[in-house]
Amino acid sequence: MKAARLAGPKRFELVQTEIPHLQDGHVLINLQRVSICGSDLRTYDRVLPEEQYPIPDGRPCHECAGVVVESRDDAYRPGQRVIVLPTNPNGLMEYIAEPSTRLIHLPDHGDLSTLLMCQPVGTVMYSCQRIGSVLGKRVVILGQGAIGLAFTHWMAQQGARQVIVIDLLDYRLEAARRMGATHTINPTNQQVPDAVAEITHGQLADVVVEAVGRPETANLIWDLVRKQGLVALFGLPHDQETFPFHYNAMMDKLPTIVVTVGARTPTPTQHIEECVDLVAQGRLDLSHMVTHRLPFDQVQRAYDMYSEKLDNIIKVVMEM
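Residues numbered from 1 in each chain as written. Predicted model: local features only at pLDDT ≥ 70, side-chain atom pairs only at ≥ 80, totals over all residues. Heavy atoms only, no water.

### Here we look at the overall build of the protein chain
When helices and strands are tallied, the protein chain shows 10 helices and 15 strands. Over its C-alpha trace the protein chain gives a radius of gyration of 20 Å, about what one expects of a compact globule, namely 20 Å for 320 residues. Its C-alpha atoms give the protein chain principal-axis dimensions of about 60 × 45 × 35 Å. Of the contacts formed within the protein chain by residues at least 6 apart in sequence, a portion of 69% connects residues at least 24 apart. In the structure as shown, the protein chain presents an accessible area of about 14,300 Å², 48% of it carried by carbon and sulfur atoms. Charged side chains of the protein chain number 29 positive and 37 negative; the gap between the two group centres comes to 5 Å. (Helix = DSSP H or I, 4+ residues; strand = E, 2+ residues; numbered from the N terminus. Rg over C-alpha atoms; globule rule 2.2 N^0.38 Å. Contact = heavy atoms within 4.5 Å. Areas by Shrake-Rupley, 256 points an atom, 1.4 Å probe, with all protein chains shown as cover. Lys, Arg positive; Asp, Glu negative; His and termini not counted. Charge placed at Lys NZ, Arg CZ, Asp CG, Glu CD.)

Here's what the structure looks like:
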């Protein structure tokens, strides 16, 4: 079967490898759509020690959807469409075998690329549940990539009084306005703490969501959240696993901090299933997220576009 592997820093190669062996309780899926998550760039963007290359086949990729080919679990049958959560982030391959507990049923109709967006959006839904009601509250969201935009949508839908979003790219800020942002800030042109203070009339934010994973945004939180406000940490560290943290600035605000990564919960499929249900009912439209579609053999171009944020990209889906 065909697969892609990272042969060196930011350098993919296409390879042939064996179809995985199917164990009891597992399901073999022919992957038909895969997409890139910001967390995949933690591997792609970094220059790893030379001896770590090539990275194992199929990595880094964990947003995958396809069709069941063979099943050793009665809950799944050949021909069924599913989202797959790879146990290892090795979705850049034609076939994958996973335990049935790592699968989410999809409806037989509807665009598979759009349905795949239930994976990232479902993780945001889980985080919103952790945050709780934002009705009438002031919310600041740091970062307006695909995840940040999903937060913007849900905060607006849940009745936040103000949805203030921050990003370095104007095209993302324009997308955020369409998602329901009430105010947008580009740090290139504005001092973020001053702008948030002005927008909130000095009250600052009741809730701050960090959806970037960089030290400058993590430490900006304490200038934006009100005393005893709530902070939701979603973004994973991008360039480094640890970085200096303004601990005293945090203590001055006495915040409630929610660390929220849906994929690492004991039930990582639940919130994605809930998202799929909303889409299937026609109550949630995620078609706006898929801005680019490429064939699988253009995996290099897809990752370069996503890494360098080219051509107003939000999400790119590769079709097998």
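### Let's talk about the nonpolar core
If you look at the biggest cluster of nonpolar residues, it comprises 84 residues, and the most contacted ones within it are I83, L92, I131, F151, M155, L286 and Y303. The element best represented in this core is helix α4 (residues 146-157), accounting for 7 residues. Those residues in contact with L92, other than ones at most four positions away along the chain, are A3, A4, F12, V34, G58, R59, P60, C61, F296, V299, Y303 and M318. Listed in part, the 19 residues of the second largest apolar core include A195, A205, L220 and I221. (Core = buried A, V, L, I, M, F, W, Y, C linked by side-chain atoms within 4.5 Å. Buried < 20%, exposed > 50% of the residue type's maximum accessible area, 1.4 Å probe, protein only.)

### Here we look at the environment of G229
If you trace the backbone, G229 turns up in strand β12 (residues 225-233). Each C-alpha atom of the pair G229 and R161 lies 15 Å from the other, and the pair is 68 residues apart in sequence. Apart from the residues within four sequence positions on either side, G229 is in contact with D206, K253, P255 and T256.

### Section: the pairing of strand β3 (residues 26-35)
Within β3, 9 of the 10 residues are buried, which leaves it mostly tucked inside the rest of the structure. The sheet contact formed by β3 and strand β6 (residues 95-99) spans 5 bridges and is antiparallel. Bridging from a neighbouring strand, N30 pairs with Y95 of β6. As defined by bridge partners, β3 adjoins strand β4 (residues 63-71) across 8 bridges and the pair is classed as antiparallel. Paired with V27 across the strands is S71, a residue of β4. Sheet topology note: the β3/strand β15 (residues 315-319) ladder contains 3 bridges and is antiparallel. Note on β15: the bridge partner recorded for R33 is E319. (Pairing = 2+ DSSP bridges.)

### Observations concerning the pattern of salt bridges
Under the counting rule described, the total for this entry stands at 13 salt bridges. The partner of D57 in a salt bridge is R5, and the shortest N-O contact between them spans 3.8 Å. Of this pair, D57 sits in the loop between α1 (41-44) and β4 while R5 sits in strand β1 (residues 2-8), placing them 52 residues apart in sequence. Here D57 falls in the partly exposed class, since its relative accessible area comes to 24%. Here D167 ties to R172 by a salt bridge, and the two come within 3.2 Å at their closest N and O atoms. Each member of the pair, D167 as well as R172, carries the same accessibility label: buried. Taken together, the shared-partner salt bridges in this structure form one network comprising R33, D111, R293 and E319. (Salt bridge = Lys/Arg side-chain N within 4 Å of Asp/Glu carboxyl O.)

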